[in-house]
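A structural walkthrough
These are the residues of each chain, in order.
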Amino acid sequence: AKTQGKNSYRVFHPDMEATVHAQERLESALRGALDRGEFTLHYQPQVRGSAVTGVEALLRWTHHDLGEVPPDQFIPVAEDSAIILPLGAWVLDQAAAQAARWQAAGTPLRVAVNVSPREFAQSDFVERVQGTLTRHHLRGEWLELEVTERLVVRDIEAAAHKIRQLRRLGVLVSLDDFGAGHSALSSLMKLPISALKIDHEFVENAEFHEGGQQLIQAITSVARAMNLAVVAEGVETERQLNMVRALGCDQVQGFLFARPMPADDLARWLAEWRAGG
Ligand code: C2E
Ligand code: CA
Ligand code: CA
Ligand code: CA
C-alpha cells in the first residue's frame, strides 16, 4: 500500500495497513461525492446569555454505500488529498447562501465556517472569500471563519496579514480548538482574531479536573486582556454551563442548547427559543 501527502515520511508498520486501506477507500469515495450531491451543512447555534449570536456550519456526508461518515474521519483525508479545496469552496458558498436567505427572511444570523489550513494557504483565499460575499450580496460581518493554529506554524506574519485582509472585509476570524496545539501563546496573540474557541474536550475535562478549570481560566483571562470573545464548545449539561460561565466564557455552544441541524430545523428551533420555549 502506498502512503501519500504529508504522512508519507512515516515508517510503515504492517498494523498500519488497515488504516491506510481505510484511508484509500475513503479517498476514492470522497472523489465525486460533491458531484453526487452527498454533502449537506448542519448549523449549531452559539448562545450568549439568552441571545443567539450566530451558528457554526458543520459538514455532513452521507455516502451511498458507507452511510454517514463523521467529519473527524473524512476531513483529514480530504485535507491530505486536496479534495478539501473544492469541498471547502462549496461549504463557504453554501454557508453564505444560507446566511443571505436568513437575512431575506428577517432572521439574520452570522454563520461561522471552518477553514482548513490548506484552504487558508491558497494565495487567492481572501479574493475567494470576497467573491463569495459579493455573489450572495452579503456583508462581511455576517461571516466568521474558524481557523486553527495549524495554519500559523509556517509563517505567522503571513497568516496575520491574511487575517487582517479578511477583517478589512468585515469578516470575523476566530481561533478554533484553542489550547490543543503547541504554538506559543505569544505568537498566537499576534493574530488579529476576534474570538477564541475552547474545544469540547477541554470543557469535558474541566468538569472533573481542577487543572482543566485553571486552563480555561487562563484562556479567558488572556482573552479579556486581548479584548477577545471566548466560546466554550461542547456544553452538554447545566453543570458545565455554570462552570464555563463562572470561568469567564461569555459564549457557549453545545448539545445542551441544540445539536447541529439542517437550516429548516434551525428556523423552528430559533422561533421556539425566541418565544422562550
Ligand atoms: P470543530 O470545529 O471543533 O466542531 C465542533 C464539534 O463539536 C462538531 O463535531 C460538533 O458537532 C461537536 N459538538 C457540538 N456540541 C457538542 C456537545 O455538546 N458535545 C459533544 N460531544 N460534541 C459537540 P462534528 O460536526 O463532528 O465536526 C468535527 C470536526 O470536523 C470539526 O470540529 C471540524 O474540525 C471539522 N469540520 C466539520 N465541518 C467542517 C467543514 O466544513 N470544513 C472543515 N475544514 N472542517 C470541518
Ligand atoms: Ca469549529
Ligand atoms: Ca473546536
Ligand atoms: Ca474538534
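The shown structure was predicted, so the numbers you read here are calculated from the model rather than taken from an experiment.

A closer look at the overall build of the chain
- Each helix and strand in the chain was counted, giving 11 helices and nine strands.
- In terms of overall size, the chain behaves like a compact globule, its C-alpha atoms giving a radius of gyration of 19 Å where 277 residues would be expected to give roughly 19 Å.
- Scored against the burial criterion, the 277 residues of the chain give a buried share of 47%.
- Considering only contacts within the chain whose residues lie at least 6 apart along the sequence, 66% involve residues at least 24 apart.
- Roughly 14200 Å² of accessible area belongs to the chain as shown, and the carbon and sulfur atoms make up 51% of that amount.

A short note on the site of ligand 1
- Residues in contact with ligand 1 amount to 22 residues; listed here are only the nearest, Gln 44, Arg 60, Asp 176, Glu 236 and Phe 255.
- Take Asp 177: an N or O atom from its side chain is 3.4 Å from an oxygen atom of ligand 1.
- At a separation of 3.4 Å, an oxygen atom of ligand 1 approaches a polar side-chain atom of Asp 199.
- For ligand 1, whose free accessible area comes to 810 Å², the fraction covered by protein is 86%.
- Breaking the shell around ligand 1 down by element, the ones donating at least two residues are strand S2 (51-63), helix H2 (71-80) and strand S6 (172-178).
- The leading source of residues in the shell around ligand 1 is S2, at four residues.
- Looking at the shell around ligand 1, its residues break down into eight nonpolar, six polar and eight charged.

Overview of the packing of helix H5 (residues 125-135) against helix H6 (residues 156-168)
- At a minimum axis distance of 10 Å, the contact between H5 and H6 shows a crossing angle of 15°. Overall, the two elements H5 and H6 adopt an arrangement that is roughly parallel. The handedness of the crossing between H5 and H6 is right-handed. In contact with Phe 125, Val 126 and Val 129 of H5, H6 contributes Lys 162, Gln 165 and Leu 166.
- Each residue belonging to the contact of H5 with H6 can be placed in one class, and the counts come to four nonpolar, one polar and one charged.

Description of the coordination of the calcium ion (ligand 3)
- Those donors, Asp 176 (OD), Asp 177 (OD), Asp 199 (OD), Glu 233 (OE) and Glu 233 (OE), are the protein atoms that reach the calcium ion (ligand 3), and they lie 2.2 to 2.9 Å from it.
- Every donor counted, the six donor atoms about the calcium ion (ligand 3) form angles of 46 to 166° at the centre, which fits irregular coordination.
- Glu 233 gets classed as buried once you look at its relative accessible area, which sits at 8%.

Focus: the confidence of the model for the chain
- Of all residues in the chain, 94% attain a pLDDT of 70 or more, and the chain-wide mean is 91.
- Across the interface, the model reports ipTM at 0.98; the global pTM reads 0.93.

Description of a negative patch on the surface
- Negative charge collects at one region of the surface, where Asp 72, Glu 201, Glu 204 and Glu 236 lie side by side.
- Tracing the chain through its elements places Glu 236 in the loop between strand S8 (229-232) and helix H10 (238-246).

Remarks on H6
- Taking 1.5 Å of rise per residue, the 13 residues of H6 would be expected to cover 18 Å, and the 18 Å separating its terminal C-alpha atoms lies within 8% of that figure.
- Of the residues making up H6, those classed as buried are Ile 156, Ala 159, Ala 160, Lys 162, Ile 163 and Leu 166. Burial along H6 is one-sided: seen end-on, the buried residues are contained in an arc of 165°.
- Looking at the buried residues of H6, the elements they touch are helix H4 (117-120), H5, strand S5 (143-147), S6 and helix H7 (185-188).
- The backbone nitrogen of Glu 157 has a side-chain oxygen 3.1 Å away, supplied by the residue at the start of H6, namely Asp 155.

A few points about the side chain of His 63
- Checked against the element boundaries, His 63 lands in strand S2.
- Engagement of the side chain of His 63 in a polar contact is seen with the backbone nitrogen of Asp 65, the distance being 3.1 Å.
- Setting aside residues no more than four positions away along its own chain, His 63 makes contact with Ala 29, Arg 36 and Glu 38.

Concerning the packing of aromatic side chains
- Taken as a whole and judged by the stated rule, the model has eight aromatic pairs.
- Considering the side-chain rings of Phe 257 and Trp 273, the 5.8 Å spacing of their centres and the 75° angle between planes classify their relative orientation as edge-to-face. Here Phe 257 is found in the loop between strand S9 (251-252) and helix H11 (263-274), whereas its partner Trp 273 is found in helix H11, with 16 residues between them in sequence.
- The exposure class assigned to Phe 257 is buried, which follows from its relative accessible area of 16%.
- According to the relative accessible area criterion, Trp 273 is partly exposed, its value standing at 23%.
- Relative to Trp 273, the ring of Trp 269 lies with its centre 5.1 Å away and its plane at 20°, an arrangement referred to as stacked. Taken together, the residues Trp 269 and Trp 273, both in helix H11 and four residues apart, mark about one turn of the helix.
- Ring pairing ties together the aromatic residues Phe 39, Trp 61, Phe 74 and Trp 90, which thus form one cluster.

Conventions and cut-offs
- Residues numbered from 1 in each chain as written.
- Chains lettered and ligands numbered in written order.
- Predicted model: local features only at pLDDT ≥ 70, side-chain atom pairs only at ≥ 80, totals over all residues.
- Heavy atoms only, no water.
- Helix = DSSP H or I, 4+ residues; strand = E, 2+ residues; numbered from the N terminus.
- Rg over C-alpha atoms; globule rule 2.2 N^0.38 Å.
- Buried < 20%, exposed > 50% of the residue type's maximum accessible area, 1.4 Å probe, protein only.
- Contact = heavy atoms within 4.5 Å.
- Areas by Shrake-Rupley, 256 points an atom, 1.4 Å probe, with all protein chains shown as cover.
- Near = heavy atom within 4 Å.
- Polar contact = N/O pair within 3.5 Å; in protein donor to acceptor, adjacent residues only side chain to side chain.
- Nonpolar A, V, L, I, M, F, W, Y, C, P; charged D, E, K, R; others polar.
- Axes fitted to C-alpha atoms, helices over the stretch in contact; angles between N-to-C directions.
- Parallel < 35°, antiparallel > 145°, perpendicular 65-115°, else oblique.
- Left-handed = near helix turned anticlockwise from the far one by under 90°.
- Donors = N, O, S within 2.8 Å, 3.2 Å for Na, K, Ca; no water.
- Tetrahedral: all angles 85-135°; square planar, octahedral: opposite > 155°, others 65-115°.
- pLDDT = per-residue confidence, 0-100.
- Patch = residues over 30% accessible without salt bridge, like charges linked within 9 Å, V, L, I, M, F, W, Y side chains within 5 Å.
- Salt bridge = Lys/Arg side-chain N within 4 Å of Asp/Glu carboxyl O.
- Lys, Arg positive; Asp, Glu negative; His and termini not counted.
- Charge placed at Lys NZ, Arg CZ, Asp CG, Glu CD.
- Expected span 1.5 Å × (residues − 1).
- Arc of directions from axis to C-beta.
- Phe/Tyr/Trp six-rings, centres within 6.5 Å; stacked < 30°, edge-to-face > 60°.

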